Amino acid sequence: NRIFKGEGKTNCFLALGSTDGVISVWKVGMKNALAVVKNIDPNNMINDFSWSEDGFTLYVAGKNLVTLYFSEKELGLPISLDEKTMLLENRHGKTRKISVQALPETPYQLSLKKTQPIEMTKPFTPVLT
């Protein structure tokens, strides 16, 4: 999800994908979706999607890669990480800082974790072309 400010308030947007190849983008609190895109991948379901770092682009992965672009007029201005932290702390209270550790996804990775500590030097940032 992404948080933007526009029209004098903050708005949260999220994207939903379905097994029939439809993706919808919602502004939290609205009865209708901001955008509904059908037939993104007509013969295949949507496997994954991800927002770009600036929040204006949504990458959709199915059998093919599809890119959806949104404008500042549609979403507003993205809030900074500090603004997001303050907003979430005001709504939900302060949270303690925890270190991010990679979670094993397969039995093989779990067996490696028992023998070798996992070290993360910096977050992984995918490169999209």
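Refer to the structure presented above.
Here's what I pulled together on the structure shown here.

Calculation criteria
- Starting from 1, residues in each chain are numbered consecutively following that chain's sequence as written.
- Thresholds applied to this predicted model are a pLDDT of at least 70 for local features of residues and 80 or more for the giving and counting of side-chain atom pairs; totals over whole chains, interfaces and linings are not thresholded and use all residues.
- The side-chain quantities take in all heavy atoms of the structure and omit both hydrogens and water.
- Planes of paired rings set the category: under 30 degrees apart is stacked, over 60 is edge-to-face and the rest tilted, where pairs are Phe, Tyr or Trp rings (Trp by its six-membered ring) whose centres lie within 6.5 Å.
- For helices the rule is a DSSP run of H or I covering at least 4 residues; for strands it is a run of E covering at least 2, with both sets numbered from the N terminus onward.
- Accessibility here uses a 1.4 Å probe with only protein chains present; expressed as a share of the type maximum, an area under 20% marks a residue as buried, one over 50% as exposed, and anything in between as partly exposed.

**Some remarks on the packing of aromatic side chains**
Piece 1. Overall, the coordinates contain 3 aromatic pairs when judged by the stated rule.
Piece 2. Between Phe4 and Phe56, the ring centres sit 5.5 Å apart and the planes meet at 55°, which makes this aromatic pair tilted. Taken together, the residues Phe4 in strand S1 (residues 2-6) and Phe56 in the loop between strand S5 (48-51) and strand S6 (57-61) connect sequence positions 52 residues apart.
Piece 3. Judged by relative accessible area, Phe4 falls into the buried class, the value being 1%.
Piece 4. Here Trp51 and Phe70 contribute two aromatic rings whose centre-to-centre distance is 6.0 Å and whose plane-to-plane angle is 50°, an arrangement assigned as tilted. With Trp51 in strand S5 and Phe70 in the loop between strand S7 (65-69) and helix H1 (72-75), the pair connects residues that are 19 residues apart, well separated along the chain. Neither residue differs from the other here; Trp51 and Phe70 are each classed as buried.
Piece 5. Joined through ring pairs, the aromatic side chains of Phe4, Phe13 and Phe56 make up one cluster.

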